[in-house]
Amino acid sequence: MDSQVKYLLSLQAIRDRAKVVRDAAKSGNLSNFELREDKLDDAVDFVASVIKRDFGPDKFHLIPPHGRWQHFEVGNVPRITNIMKVWEKEGCDKVELTRRLIDLFFVSVLLDAGAGDHWRYTERVTNQVYERSEGIAVASLQMFNTLTFTTSEVGTIPMVDGKGLERLETITLANGFQVSDSNPMQGVDSRAALLRSLGKSLLAHPHVFGANGRPGNLVDYLIESTGQSSKLDVLFLWDILQNLLIPVWPKDRTIVGGHPIGDAWPLSTLNNGATSGSPDAIAKNIQPFHKLTQWLTYSLMVPFQRVLGEEWANAEYLTALAEYRNGGLFVDLGVLLLKQEAHDRGLKASGGDLPLFEAGDDVIVEWRAMTLVLIDRLYSRIQSRMGDGVHLTMAQLLEAGTWKSGREIAAKLRPQTKSSPILIKSDGTVF
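Reading the values: rules and limits
- Residues numbered from 1 in each chain as written.
- Predicted model: local features only at pLDDT ≥ 70, side-chain atom pairs only at ≥ 80, totals over all residues.
- Heavy atoms only, no water.
- Buried < 20%, exposed > 50% of the residue type's maximum accessible area, 1.4 Å probe, protein only.
- Helix = DSSP H or I, 4+ residues; strand = E, 2+ residues; numbered from the N terminus.
- Arc of directions from axis to C-beta.
- Salt bridge = Lys/Arg side-chain N within 4 Å of Asp/Glu carboxyl O.
- Axes fitted to C-alpha atoms, helices over the stretch in contact; angles between N-to-C directions.
- Parallel < 35°, antiparallel > 145°, perpendicular 65-115°, else oblique.
- Left-handed = near helix turned anticlockwise from the far one by under 90°.
- Contact = heavy atoms within 4.5 Å.
- Nonpolar A, V, L, I, M, F, W, Y, C, P; charged D, E, K, R; others polar.
- Expected span 1.5 Å × (residues − 1).
- Polar contact = N/O pair within 3.5 Å; in protein donor to acceptor, adjacent residues only side chain to side chain.
- Phe/Tyr/Trp six-rings, centres within 6.5 Å; stacked < 30°, edge-to-face > 60°.
- Lys NZ or Arg CZ within 6 Å of the ring centre and 35° of its normal.

Draft legend 1. Structural view of helix α11 (residues 218-225). Burial in α11 covers these residues: L218, V219 and L222. Considered in projection along α11, the buried side chains sweep an arc of 100 degrees and stay on one side of the axis. Of the residues flanking the end of α11, it is G227, one or two places downstream, whose phi is positive at about 60 degrees.

Listed below in structure tokens is the structure:
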């Protein structure tokens, strides 16, 4: 693999590139936004207040890591715990429990891009109505339980396999999400195509996922890979996921040296800020994010920890997630201000009160890069707000802090839609 492609697929490149954007922001050289440094402490205080409200004064250690698991528990229904109890009664050991959770989390995370402001999912068992990430989680769990993602002939065992995904029809996914003219979801076609491509890629990696292309076989592969180490390695998992997923993403993504590089996009700010002497100058105008792959990584780590008691090394290489809730927080609190020319262009595109841009637009890419920059800065400051003896991981900050805070301020400012302050025309495969 070309060295510049390998670099842009790495976790290190995400922060390296964002640091160039950070320096441009400090110099007032952002292309599309103004950075209001005087507002950053307000954002820190707001996020700290949300964390303290929910977990203070002495429950900070109970903050779960950011991951898909929590979304399945929406409405205070312990769906994952309940289904694990059923599986245990059927004779599943802890390894098979973890395999099934990895199966479920794999498809659920990759389906978890923005559904739009109007989509809802009604859970028939509880008759509760859910939306956005939690709605997608509950819907994907139902589809998993009804064997939507497998061709396995082993009775009623819920699982995911490559052939099942390859044969998934768009109408089947749309029905599973209860999509209709009155209940539209963004990017249903793209989501179905993504899962079909995932099925093909799983089958192309039998040394990891087995001959049937089962995501859950990753459990056995990772455990066997530890050797003399007592911990699983996030960087090892990352390379596996990138090799699996890069061929899966839509074909119109950025290409470098003839190779697709996934969720990584040209950014004008990097041309402004990078110098020819920087170590990654060969790709100086590309900002990688790999958001869904990072979201999947965070999510897959949790079953290994909770069910198998495994620990992870190198988790600090994972970054914040450059998505609209984390990013919307800084726009809504005035830390980032969209420049007038970009704002007017976005309003013209939307025809409404909020600016709209394509996912690959320079505005969105710069916004996402600044989201990484600002969450890293917020993370360094928030520890002092938590009190002595309290240390939050990045995964905990994302879960209890920035993501939740971004959602809450959006609901307060835009109660009808709860949308982001900047709208993204998404195909359902980015964020």
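Draft legend 2. Broad picture of the pattern of salt bridges. Under the criterion given, the structure shown has 28 salt bridges. Residue R385 is joined to D41 by a salt bridge in which the shortest nitrogen-to-oxygen separation is 3.5 Å. Highlighted residues: R385 in helix α17 (residues 362-386) and D41 in helix α3 (residues 40-55), separated in sequence by 344 residues. The class of D41 is partly exposed, set by a relative accessible area of 35%. Beyond isolated ion pairs, a larger network of salt bridges with shared partners links E90, E96, R99, R100, D103, R214 and D220.

Draft legend 3. Structural detail: the packing of helix α15 (residues 324-332) against helix α18 (residues 394-413). Relative to each other, α15 and α18 sit at 55 degrees, their axes nearing to 8 Å. Taken as axis vectors, α15 and α18 run oblique relative to one another. Regarding α15 and α18, the two cross each other, and that crossing is left-handed. When α15 is examined against α18, the residues R325, N326, L329 and D332 are found in contact with a partner set consisting of L398, T402, W403, S405, G406, R407, I409, A410 and L413. In terms of residue class, the contact of α15 with α18 is built from six nonpolar, four polar and three charged.

Draft legend 4. Looking closely at helix α5 (residues 94-110). For α5, which comprises 17 residues, the first-to-last C-alpha distance of 24 Å matches the rise-based estimate of 24 Å (1.5 Å per residue) to within 8%. Counting buried positions along α5 gives 15 out of 17 residues, so the element sits mostly inside the fold. Sitting at the amino-terminal end of α5 is D93, which places a side-chain oxygen 3.3 Å from the backbone nitrogen of V95.

Draft legend 5. Quick look at the packing of aromatic side chains. What the rule picks out here adds up to eight aromatic pairs. Centroid distance W69 to F105: 6.1 Å. Interplanar angle 80 degrees. Geometry classified as edge-to-face. Of the two residues, W69 is situated in the loop between α3 and α4 (79-89) and F105 in helix α5; the sequence distance between them amounts to 36 residues. Taking the relative accessible area as the measure of exposure, F105 reaches 0% and is therefore buried. Note on Y221 and F236: the rings are 6.0 Å apart at their centroids and 15 degrees apart in plane angle, and the pair reads as stacked. A residue pair is termed long-range when its members are at least 10 positions apart, and Y221 in helix α11 and F236 in helix α12 (residues 234-245) qualify at 15 residues. Exposure remark for Y221: the relative accessible area of 24% places this residue in the partly exposed category. For F236, a relative accessible area of 32% puts it in the partly exposed group. Aromatic rings pair up to connect W69, F72 and F105 into one cluster. Stacked on the ring of W69, the Lys or Arg R306 has its end atom at 4.6 Å from the ring centre.

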